[in-house]
Amino acid sequence: MSDGLKVLVQHLLPKRSLTGLAGRVARARGGAMTTRLIRWFVGKYGVDMSEAHDPDVAGYASFNDFFSRPLRAGARPLADADFVSPVDGAISQFGAIDDHHMLQAKGHLFTTTALVGGDAELAGRFRHGSFANLYLSPRDYHRLHMPCDGRLTRMVYVPGTLFSVNPVTARGVPNLFARNERVVCVFESPQHGTFVMVLVGATIVGSMATVWHGIVNSKRTGRVSDWRYDDQAIDLKKGEEMGRFLLGSTIVMLFEKGAIKFNPAWAPERPVRLGEAMGNRPA
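Residues numbered from 1 in each chain as written. Predicted model: local features only at pLDDT ≥ 70, side-chain atom pairs only at ≥ 80, totals over all residues. Heavy atoms only, no water.

Caption draft 1: Spatial organisation of the sheet that holds strand β10 (residues 207–210). Read across the open sheet, the 4 strands follow the order β6-β14-β10-β11; overall the sheet is antiparallel. The open sheet has two edge strands with one neighbour each: β6 (143–145) and β11 (214–215). Here β10 pairs with β11 via 2 bridges, running antiparallel. The residue bridging Thr 210 from the neighbouring strand is Gly 214, located in β11. (Pairing = 2+ DSSP bridges. Helix = DSSP H or I, 4+ residues; strand = E, 2+ residues; numbered from the N terminus.)

Caption draft 2: View of the pattern of salt bridges. Applying the stated criterion across every chain yields a total of 14 salt bridges. The residue Asp 149 makes a salt bridge to Lys 237 at a minimum N-O spacing of 3.9 Å. Note that Asp 149 is positioned in the loop between β6 and β7 (150–158) and Lys 237 in the loop between β13 (235–236) and β14 (241–246), a separation of 88 residues in sequence. When the shortest N-O distance is used, the salt bridge between Arg 154 and Asp 226 registers 2.8 Å. You can see Arg 154 sitting in strand β7 and its partner Asp 226 sitting in strand β12 (residues 225–228), a full 72 residues away along the chain. The network of salt bridges with shared partners includes Glu 51, Arg 76, Asp 88 and Arg 273. (Salt bridge = Lys/Arg side-chain N within 4 Å of Asp/Glu carboxyl O.)

Caption draft 3: Just the pairing of β10, in detail. Burial along β10 is two-sided: the residues Ser 207 and Ala 209 and Met 208 and Thr 210 are all buried. The antiparallel hairpin formed by β10 and β11 contains 3 residues in its connecting segment. (Buried < 20%, exposed > 50% of the residue type's maximum accessible area, 1.4 Å probe, protein only.)

Caption draft 4: Molecular detail of the pairing of strand β5 (residues 130–135). Among the 6 residues of β5, 6 are classified as buried, and the element is accordingly described as predominantly covered. Burial along β5 is two-sided: Ser 130, Ala 132 and Leu 134 facing one way and Phe 131, Asn 133 and Tyr 135 facing the other are all buried. The sheet contact formed by strand β2 (residues 89–96) and β5 spans 6 bridges and is antiparallel. Bridging from a neighbouring strand, Ala 90 pairs with Tyr 135 of β5. Two elements, β5 and strand β15 (residues 250–255), share 6 bridges in a ladder whose sense is antiparallel. Following the sheet pairing, Tyr 135 is matched in β15 by Thr 250.

Caption draft 5: Inspection of unusual backbone geometry at higher detail. Of note, the phi angle at His 128 is positive, near 60 degrees, even though the residue is not glycine. Looking at the secondary structure, you find His 128 in the loop between α6 (120–124) and β5. In this structure, Glu 269 takes a positive phi of about 80 degrees despite not being glycine. Note that Glu 269 resides in the loop between β16 (261–262) and β17 (271–272).

Caption draft 6: Up close: the side chain of Ser 62. Looking at the element boundaries, Ser 62 is found in the loop between α3 (32–45) and α4 (63–67). Leave out the neighbours within four places in its chain, and Ser 62 touches Ala 26, Arg 27, Ala 28, Arg 29, Thr 34 and Ile 38. (Contact = heavy atoms within 4.5 Å.)

Caption draft 7: Inspection of the sheet that holds strand β18 (residues 277–280) at higher detail. Spatial strand order, β1-β18-β16: 3 strands in an open sheet with antiparallel pairing. Looking at the sheet topology across the chains shown, the edges are occupied by β1 (83–84) and β16. Where β1 lies against β18, 2 bridges are found, and the strand directions are antiparallel. Looking at β18, one finds that Phe 83 is bridged to Gly 279.

Structure, rendered in structure tokens:
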């Protein structure tokens, strides 16, 4: 099937209905049926269960439990760097924000304002800053961790559509990451200023969750929700878990101007692992 036809199918699919069905299947505690589904998934996508805290596929009561499984202790040591990769996945795009535009794929740009849900004041903090867009495939570990130390100040749920976020769709659907459902998490760091982690939903992504809130998008009301945490001390350390996808997706990070110089080994489509060096603060 050509890339163009794959994108056309994305437009025609009943994405919300499919996502609802996938969520029900993933939550079900189906005993032997659940184990067979997990075993099939592991074989199809080549999931390395030796890295899991519990490598036995029969030990997971639901597909969601399997998909958001924790890693065994020591599986992802943190690099000696100011910023580390917050996920296992692959680099979609990264680099400088051109005024307020970021590269989605060749021929496609999207804006920081659209990504964060239309908040121009928040987006303005990242003018001429830096961004990194990391894609999590079905085989990857799907918990999300902190790229650096940060204190949570705000979280915004932005409703949207549910296109797939795989590389083919990124090349074929304009403004993909600013159209899909997403959760915008805003942090402050004494060393690195304001930074944002945007969890982007996708087709069959049952839900997105954070460690301080739990599942964020369980009801999908179609309305923006905004939480403020200025009166709380929600401090997370570099490498600490901050959330998870219940089925895979993408995370987009925004950093202020001058905050990060990316690892010179990074390149689009390159695989990354949680804890590896993402970059350092410029000298």
